Amino acid sequence: AWHRSLQSLLCLTHPTLWKLIDGLKRHQKLKDTEIEQLVAGRDPVARKQKYIQLDERIRNVVEDYDNRDYLNYLRGIAHNLFY
């Protein structure tokens, strides 16, 4: 996700060193602004429903850890990482 956002900010696939540095500075300013807006009370960006459901499925597997052997636990996690 970070690589994709940086690439879209630069609008280049192979930037020169100076363009990369300028892009990183711009990216940092944007992130600093987002953090300040969150501190000021702005609501965070809503997550997509599919990621909310994915987190819930993983949470269910983790909460059921005591009732599973380690192989089934890892298999449950793996099935939710590559859906």
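To be clear, the structure that these remarks concern was listed above.
Only a predicted model underlies this, so the values are computations on that prediction, with no experimental measurement involved. (Residues numbered from 1 in each chain as written. Predicted model: local features only at pLDDT ≥ 70, side-chain atom pairs only at ≥ 80, totals over all residues. Heavy atoms only, no water.)

**Here's the deal with the overall build of the protein chain**
Now for step 1: Helices and strands together make up the secondary structure of the protein chain, namely 4 helices and 0 strands.
Now for step 2: Going residue by residue from the N terminus, the α and β elements of the protein chain occur as α-α-α-α.
Now for step 3: A globule of 83 residues ought to have a C-alpha radius of gyration of about 12 Å, yet the protein chain, at 19 Å, is considerably larger.
Now for step 4: For the C-alpha atoms alone, the extent of the protein chain along its principal axes is close to 55 × 35 × 20 Å.
Now for step 5: Out of the 83 residues belonging to the protein chain, those deemed buried represent 12%.
Now for step 6: About 7400 Å² of surface is accessible on the protein chain, with carbon and sulfur atoms providing 58% of the total.
Now for step 7: Between the centroid of the 14 positive side chains of the protein chain and the centroid of its 11 negative side chains there is a distance of 11 Å. (Helix = DSSP H or I, 4+ residues; strand = E, 2+ residues; numbered from the N terminus. Rg over C-alpha atoms; globule rule 2.2 N^0.38 Å. Buried < 20%, exposed > 50% of the residue type's maximum accessible area, 1.4 Å probe, protein only. Areas by Shrake-Rupley, 256 points an atom, 1.4 Å probe, with all protein chains shown as cover. Lys, Arg positive; Asp, Glu negative; His and termini not counted. Charge placed at Lys NZ, Arg CZ, Asp CG, Glu CD.)

**Some points on a nonpolar patch on the surface**
Now for step 1: On the surface, a cluster of nonpolar side chains totalling about 350 Å² of accessible area is made up of Tyr70, Leu71 and Leu74.
Now for step 2: Structurally, the position occupied by Leu71 is in helix α4 (residues 70-81).
Now for step 3: Residue Leu71 is classed as partly exposed on the basis of its relative accessible area of 44%. (Patch = residues over 30% accessible without salt bridge, like charges linked within 9 Å, V, L, I, M, F, W, Y side chains within 5 Å. Salt bridge = Lys/Arg side-chain N within 4 Å of Asp/Glu carboxyl O.)

**Examining the pattern of salt bridges**
Now for step 1: Per the stated rule, a full pass over the model turns up 4 salt bridges.
Now for step 2: In this structure, the salt-bridge partner of Arg47 is Asp55, at a minimum N-O distance of 2.3 Å.

**Examining the packing of helix α3 (residues 49-63) against α4**
Now for step 1: Across the interface, α3 lies against α4 with an axial gap of 9 Å and an inter-helix angle of 175 degrees. Classed by the angle they form, the pair α3 and α4 counts as roughly antiparallel. Of the residues in α4, those touching α3 at Leu54, Arg57, Ile58, Val61 and Val62 are Tyr73, Gly76, Ile77, Asn80 and Leu81.
Now for step 2: Across the contact of α3 with α4, the residue classes tally to 7 nonpolar, 2 polar and 1 charged. (Axes fitted to C-alpha atoms, helices over the stretch in contact; angles between N-to-C directions. Parallel < 35°, antiparallel > 145°, perpendicular 65-115°, else oblique. Contact = heavy atoms within 4.5 Å. Nonpolar A, V, L, I, M, F, W, Y, C, P; charged D, E, K, R; others polar.)

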